[in-house]
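Chain by chain, the residues:
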Amino acid sequence: MDKLKVAVVGAGILGSRHARVFHEQAETELVAVVDHNPGRVDVAERYGARFYDDLDALLATEAVD
């Protein structure tokens, strides 16, 4: 079975927790994190995902489920 490809919108307190949980689940693959604050790139880097500061760019580039 293929993993569900997910992106997290917002990398604040709750978004960073969502990113961690999606990264830990065997059924999901965290492919991207988007946040308007470029200082939150560390959330994406921590879990091997790509970081975007624009939701439209993420949706135009990534294949998320």
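Residues numbered from 1 in each chain as written. Predicted model: local features only at pLDDT ≥ 70, side-chain atom pairs only at ≥ 80, totals over all residues. Heavy atoms only, no water.

(A) Region of the structure containing the pattern of salt bridges. Throughout the structure, instances matching the rule amount to four salt bridges. The salt bridge partner of Glu24 is Arg20, with a shortest N-O separation of 3.3 Å. A residue pair is termed a helical-turn pair when its members lie 3 or 4 positions apart in one helix, as Glu24 and Arg20 do in helix α1 (residues 13-24) at four residues. One salt bridge connects Arg40 with Asp35, and the closest N-O pair in it is separated by 3.1 Å. The exposure class assigned to Arg40 is partly exposed, which follows from its relative accessible area of 31%. (Salt bridge = Lys/Arg side-chain N within 4 Å of Asp/Glu carboxyl O. Helix = DSSP H or I, 4+ residues; strand = E, 2+ residues; numbered from the N terminus. Buried < 20%, exposed > 50% of the residue type's maximum accessible area, 1.4 Å probe, protein only.)

(B) Structural context of the sheet that holds strand β3 (residues 50-52). In spatial order, the strands read β1-β2-β3; together these three strands make up an open sheet with parallel pairing. Edge positions in the sheet fall to β1 (4-9) and β3, since each of these pairs with one other strand and no more. Between one strand axis and the next, the sheet turns by 30° as a mean value, whatever way the strands run. Relative to strand β2 (residues 28-34), β1 runs parallel, the two being bridged by six bridges. (Pairing = 2+ DSSP bridges. Axes fitted to C-alpha atoms, helices over the stretch in contact; angles between N-to-C directions.)

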